[in-house]
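Summary of the model geometry
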Amino acid sequence: QQPVQSPQAVILREGEDAVINCSSSKALYSVHWYRQKHGEAPVFLMILLKGGEQKGHEKISASFNEKKQQSSLYLTASQLSYSGTYFCGTESSAGGTSYGKLTFGQGTILTVHP
Amino acid sequence: DTAVSQTPKYLVTQMGNDKSIKCEQNLGHDTMYWYKQDSKKFLKIMFSYNNKELIINETVPNRFSPKSPDKAHLNLHINSLELGDSAVYFCASTSGNTIYFGEGSWLTVV
């Protein structure tokens, strides 16, 4: 089952903040976040493995609420370079036949204007 | 050095033809994938191989046949191409937590 991302699109001015949500109907083992720029490959941002875990890299951070089967990506003081489509990828069990099998959300298009 | 490289990058072909896309990774990863991204940007796993063994086959038509000659290579052969096969095909590999994608192969079936 595909996770659901919201919102579908966000338009920001440089310096503004945004939150992108990812919800799953299945119990999750991990949540991955990727950013894809137009015409390019998705690029890994971060992975969250434990419930309630929060990770960050510079001004992009994420949280994972295992109970609610949700993850949120926080973009703070956005820059022009943040523009792209953000995907969450969820893994519903550890290892076995689903090893590394990510089911991606439909994507959130983020546009940052000067 | 490109970590995951795939060829060709662009491919335009007629319906009914057979085509192949090649993928190589130099990261030493054991697991490789093929993902398909359609025109709506929906990114969906097709196949996963671990050390040359098929471990995930996501109900893909049997016109699609992956082949892994060794753990650094995973090729995708498509028979009898259909219009609906037009998409971007991404090869990827992982050592565990991070999936590294190739640059994609843009397939257009006319």
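Analysis parameters
Residues numbered from 1 in each chain as written. Chains lettered and ligands numbered in written order. Predicted model: local features only at pLDDT ≥ 70, side-chain atom pairs only at ≥ 80, totals over all residues. Heavy atoms only, no water. Contact = heavy atoms within 4.5 Å. Buried area = accessible area lost by both parts, 1.4 Å probe. Salt bridge = Lys/Arg side-chain N within 4 Å of Asp/Glu carboxyl O. Polar contact = N/O pair within 3.5 Å; in protein donor to acceptor, adjacent residues only side chain to side chain. Helix = DSSP H or I, 4+ residues; strand = E, 2+ residues; numbered from the N terminus. Nonpolar A, V, L, I, M, F, W, Y, C, P; charged D, E, K, R; others polar. Buried < 20%, exposed > 50% of the residue type's maximum accessible area, 1.4 Å probe, protein only.

Right, let's talk about the interface of chain A and chain B for a bit. Accessible area lost when the parts come together is the quantity often used to give the size of an interface. Facing the 19 residues of chain A at the interface are 23 residues of chain B. Roughly 1800 Å² is buried in total at the junction of chain A and chain B, and carbon and sulfur atoms are behind 59% of that figure. At the boundary of chain A with chain B, the tally comes to zero salt bridges. The tally of links from chain A across to chain B stands at two residue pairs in polar contact (both at pLDDT 80 or more). Elements with a contribution of two residues or more to the side of chain A that touches chain B: strand 4 (30-36) and strand 5 (43-48) of chain A. The element best represented in the side of chain A that touches chain B is strand 4 of chain A, accounting for three residues. A class-by-class count of the residues in the side of chain A that touches chain B yields ten nonpolar, seven polar and two charged.

Position of A:His32 among the secondary structure elements: in strand 4. Overall, the relative accessible area of 2% leaves A:His32 in the buried class. Reaching out from A:His32, the side chain makes a polar contact with the side chain of A:Ser30 at a distance of 3.3 Å. For A:His32, the residues in contact, after removing those within four places along its chain, are A:Phe44, A:Met46, A:Ile47, A:Phe87, A:Cys88, A:Gly89, A:Glu91, A:Leu102 and B:Asn97.

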